[in-house]
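# Remarks on the overall topology
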Amino acid sequence: MHKQLLLVTGNNNTKAVLHAQLNMLLGDTISIRSIAVDEKQQNFRPDEFQIILFSSRSVREEFFQLYAFPLEQTHLLTGKRTINPEAFPRLLALPKSRVLVVNDDEESVNETAESIYQLGIDHLELIPFQTGRHFYDGVTTAVTPSEKDRCPPSISRIIDIDVRPFDMTTIIRVVDYLKLDETIASKLSERYLTKMVKLQESLLAKEDHTQKISDHYHELLNQMDDAILAFNHKGVITAVNQGMEKILSKAASIVIGSSIYEVISNRTLLQFIENKDTRGFLTIGEQEHVLYKTTTSSFSSTVVTVKSVEKAFEIEQTARREHRRKGLASKYTLQDIIGEHPLLTEAKDRSLKMAAADYPVLIYGETGVGKELFAHAVHHNSKQWQGPFFAVNCSAMSESLLHSELFGYEEGTFTGALKGGKRGLFELASGGTLFLDEIGELSTGVQAQLLRVLQEGEIRRIGGGSNIPVENRIIAATNKNLELEVREGRFRSDLFYRLNVLHFSVPPLRERKSDLPLLCKALLRENRKLSPEAEDILQKYDWPGNIRELKSTIAYAETTGGNVLTSGDLPEFFRKMRPRNAAPLTPDLFKLLDLLAEAASKGERVSLKKLAEKASADGYSLSIQQVRMRIQKLAEKGFVEKGSGRMGSTITTQGLSRLQEL
Ligand SMILES: Nc1ncnc2c1ncn2[C@@H]1O[C@H](COP(=O)(O)OP(=O)(O)OP(=O)(O)O)[C@@H](O)[C@H]1O
């Protein structure tokens, strides 16, 4: 009689998979009938089967609730299930993480998890799914043998490992009970083994790969000049390199896995690990070292790096250059502030001394004297020189805009607010310097907020509920007399006294005109210079716009002039000014200029011949050649513009103003 096996499963999907497995392994020798437990069966007699194989214990229980047959002659077997080898690579590819195991009941969940562990997949922390529970803290991936619908909504990634097949012991028990030919058993194990070997190969490949990666990291860590130590949130050391082994005087094999408190005896190092600082110093023997501490974003690991002072300095320089490239760091140092006048030198000396302190600095000075330049230099010489430098002009924005620029806002605070909110300048400049230019223009509302920051060291974003600590050096500048502003009630006295602790003035250019040649030289492009006459004009001027005005004057002259910039190349305004000691015009030059002015008033240009005739008529006997030479002279002074060919000449505005002066 042909031996018959009944397979009973929970659902049709499982039935199809398990039936295919049994059929492949035993189909040539026995007849297999498969049912899903709740399927309606007609003419069905379970006692006709020699063996009934259940896919799980719950299926078995359900079966006997449906069929109350006495089954004395039938062997009942609940199969053990394993993981589908095809799904193996998908499990191996998952990163080290916590993963939810989902199946239809508690037992099958545990069984699935057990099989995963038994197969050697140990990099996953498997969390058992519980029916009715919706949230699993921080778990976003689930592994399930085709029970996707049961996965809770908090799961974003589902790894379907397909229906779990019977494991080999179940098959062997069937073969054994049915007393099947031994050759079948060996054939079976061959087929089974082939699959298992493949599985093992992928596991080994993984282990080998992991080992290789681990060796590689070790090698890299040891290549580094710095000493490195990493520990987890429990203070257990997870990595060290040779540099750190030397500092600790202990081998990595002892250190790794031990608590930091067991292996670190150096008090400075231990204190640095415990405190909040991210940078510290450590002396080992005679040598100074810099300590750095970084915590991973998930706060699960902390890495401590020990660098030699020289190397740290080099890196900080590079970081500074990078900051500078991004325009965040201060761009100027005291060397960039040109001038040797004692008043300027005094300002430089003061600023240098004030830079070292922690108080705010207030810089007084007229517009364009270089207050911002000084603010950069103060930042550059301060403790926070490595941090960012942000400047804001308090008069350039409306009160509400300035408020949001300085303090930032939370998402949804107002129409047009950026998604995720916006960090204000106080937050951005934290750890660095915030330069508040034209502080005298601050509205009373913003003055009150600024006072709060200075007193409390924290800000509150617009629309935000919590206070955010900030640590900035404040440098403020004004061209107003702040004391007067306080007296007249426009500036808060408490804010004034907070800001005014350290202050200095930058002298206006008119009080340090001896610096003009130096400044001009620095501002002029290479190969360009000022004619003595032009320089004389610049010396005579009062410079209400200070260096900013000087800069634009030079830029103007360079655009209009050649290599030697004459008074004629200066902006019109300057050309009207009479240079000191300028040689007076000779009467015939004066006459020619006068004639040209007369013609210009009629909108005419005059030829050399005509000029000679007119001059002669007024008693100035000049040949055409003599007129040509004098017109050339006037043109050199910028008073006349010569026309080409027969075009004739005309007087310039500079010539006209000279004439008026005379
Ligand atoms: N001593 C100096 N040497 C070289 N350049 C200078 C010097 N002083 C000022 N400058 C230049 O002049 C311009 C104006 O300087 P800065 O903006 O620092 O003036 P300020 O006093 O802050 O002006 P404001 O009060 O109008 O903001 C800048 O381009 C700056 O580089």
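This text goes with the structure placed above it.
If you're wondering where the values come from, they're calculated on a predicted model, not measured in any experiment. (Residues numbered from 1 in each chain as written. Predicted model: local features only at pLDDT ≥ 70, side-chain atom pairs only at ≥ 80, totals over all residues.)

## Topic: the packing of helix H23 (residues 587–601) against helix H25 (residues 624–636)
Two packed helices can be described by the angle between their axes and the distance between those axes. Here H23 crosses H25 at 80°, and the two axes come no closer than 10 Å. By the angle class used here, H23 and H25 are roughly perpendicular. Counting all contacts with H23, which are made through Asp588, Leu589, Leu592 and Leu593, the residues of H25 involved are Val627, Arg630, Ile631, Lys633 and Leu634. Here the residues of the contact of H23 with H25 are counted per class, giving six nonpolar, no polar and three charged. (Axes fitted to C-alpha atoms, helices over the stretch in contact; angles between N-to-C directions. Helix = DSSP H or I, 4+ residues; strand = E, 2+ residues; numbered from the N terminus. Parallel < 35°, antiparallel > 145°, perpendicular 65-115°, else oblique. Contact = placed C-beta atoms within 7 Å. Nonpolar A, V, L, I, M, F, W, Y, C, P; charged D, E, K, R; others polar.)

## Examining the pairing of strand S4 (residues 75–78)
As judged from the four bridges shared by strand S3 (residues 51–54) and S4, these two strands associate in the parallel manner. Of the residues in S4, the one forming a bridge with Leu53 is Leu77. The parallel pair S3 and S4 is bridged by helix H2 (residues 57–66), and the resulting crossover is right-handed. (Pairing = 2+ DSSP bridges. Right-handed = clockwise from strand over helix to strand, strands pointing away.)

## Examining the site of the ligand
The immediate surroundings of the ligand are formed by 17 residues, with Ile338, Gly370, Lys371, Glu372 and Ile547 found nearest. Breaking the shell around the ligand down by element, the ones donating at least two residues are helix H13 (371–380) and helix H21 (546–560). Grouping the amino acids of the shell around the ligand by side-chain chemistry returns six nonpolar, six polar and five charged. (Near = placed C-beta within 6 Å.)

## With respect to the sheet that holds strand S2 (residues 31–36)
Spatially, four strands are ordered S2-S1-S3-S4 in an open sheet, and the strand pairing comes out parallel. The sheet is open, and its two edges are formed by S2 and S4, each paired on a single side. Sheet twist, expressed as the mean angle between neighbouring strand axes with direction ignored, is 20°.

## A word on H21
End to end, H21 covers 22 Å across 15 residues, agreeing with the expected 21 Å (1.5 Å per residue, within 8%). Those residues of H21 not exposed but buried are Asn546, Ile547, Leu550, Thr553, Ile554 and Ala557. For H21, the arc enclosing every buried residue in end-on projection is 115°, short of the 170-degree limit, so these residues lie on one face. Exposed side chains of H21 directed beyond 90 degrees from the buried face belong to Thr559 and Thr560. Where the residues of H21 are buried, they touch helix H19 (516–523) and strand S24 (564–565). (Expected span 1.5 Å × (residues − 1). Buried ≥ 20, exposed ≤ 12 C-beta atoms within 10 Å, placed from the backbone. Arc of directions from axis to C-beta.)

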